[in-house]
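Architecture at a glance
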Amino acid sequence: MSALLQMTAFGLTLLSALFLLLATCTDCWMVNADDSLEVSHKCRGLWRECVTNTQDGVRTCDQYDSILADHPVKIVVTRTLLITADLLVGLALATLLLGLDCTKFLKEEPHVKLKMCYGAGIILGIGSILGLVGSVWYAVDVYVERAMLVSHNLFLGVHYDFGWSCWLGMAGSTGCFVASVLLTCCLHAHTAPSRPQGPQRRVVTSKMYTMNSRV
């Protein structure tokens, strides 16, 4: 059961890490809404903005200014949190790979490998929280910005919703959190040593027999 939990957590971590990496690199964190008057499809990411003409399918992208330039708060915060989450999840994935029972690394030290799995679960939990905060922060900011425009009856020709890159970030962070729970709570529950009941009962029985013999 322990090996099954480890492999399940590893597969989920690998898939979630891929989702987080794609979310960080892709360009569709914001997309123009269906009710906008644009004849092109616009995507805004953390690093550049891309426009696809719906008539001829030509796609052009403009890189943002340098990383040190002034950017909106949601981009700066999401960049920082997502990059940190990617690094932590990558570290947890490497640690978990070495801590699996099926790997030959420290094969004769099962307790050390178990602690490595626990450590990977804790790192995954931290990374998942950072990634989820960054993704939700961006989505909420986009929603609030649009809600304020609608409440003030302002229409700038295009409205934006959060796109599939944002959903990838949320999905990857959630998957990492589930893997963290598997590696900490569930794995600990299946590997914790049970209390021996037989020897205690034998000791109590022998003591009672000794007392009766003395009487």
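Before going into details, it helps to say that this report is about the structure given with it. Everything numeric here is computed off the predicted structure, so don't read it as measured data.

Scanning the protein chain from N- to C-terminus turns up 5 helices and 5 strands. Start at the N end of the protein chain and walk to the C end: the helices and strands fall as α-β-β-β-β-α-α-β-α-α. Pairs at least 24 residues apart make up 65% of the contacts formed inside the protein chain by residues separated by at least 6 positions. Carbon and sulfur atoms make up 67% of the accessible area of the protein chain, which totals about 13100 Å².

With that settled, consider the packing of helix α1 (residues 2–25) against helix α2 (residues 73–99). At a closest axis distance of 10 Å, the pairing of α1 and α2 adopts a crossing angle of 155 degrees. The pairing of α1 with α2 is recorded here as roughly antiparallel in orientation. Every pair of crossing elements has a handedness; the one defined by α1 and α2 is left-handed. On α2, the residues that touch Gln-6, Ala-9, Phe-10, Thr-13, Leu-14, Ala-17, Leu-20, Leu-21 and Thr-24 of α1 are Leu-82, Ile-83, Asp-86, Val-89, Leu-93, Leu-96, Leu-97 and Gly-99. Tallied by class, the residues present in the contact of α1 with α2 amount to 12 nonpolar, 4 polar and 1 charged.

Take the state of the cysteines next. As enumerated under the stated definition, the model contains 1 disulfide in all. Paired through a disulfide, Cys-28 and Cys-43 show a sulfur-sulfur distance of 2.4 Å. Its S-S torsion of approximately 75 degrees makes the covalent link between Cys-28 and Cys-43 right-handed. Of the two residues, Cys-28 sits in the loop between α1 and β1 (30–32) while Cys-43 sits in strand β2 (residues 40–44), which places them 15 residues apart along the sequence.

Attention shifts here to the side chain of Ser-128. Along the chain, Ser-128 turns up in helix α3 (residues 110–151). Among the polar contacts made by the side chain of Ser-128, one reaches the main-chain carbonyl oxygen of Gly-125 at a distance of 2.7 Å. Excluding residues that lie within four positions of it along the chain, Ser-128 makes contacts with Ser-173, Cys-176 and Phe-177.

Conventions and cut-offs
Residues numbered from 1 in each chain as written. Predicted model: local features only at pLDDT ≥ 70, side-chain atom pairs only at ≥ 80, totals over all residues. Heavy atoms only, no water. Helix = DSSP H or I, 4+ residues; strand = E, 2+ residues; numbered from the N terminus. Contact = heavy atoms within 4.5 Å. Areas by Shrake-Rupley, 256 points an atom, 1.4 Å probe, with all protein chains shown as cover. Axes fitted to C-alpha atoms, helices over the stretch in contact; angles between N-to-C directions. Parallel < 35°, antiparallel > 145°, perpendicular 65-115°, else oblique. Left-handed = near helix turned anticlockwise from the far one by under 90°. Nonpolar A, V, L, I, M, F, W, Y, C, P; charged D, E, K, R; others polar. Disulfide = S-S within 2.5 Å. Polar contact = N/O pair within 3.5 Å; in protein donor to acceptor, adjacent residues only side chain to side chain.

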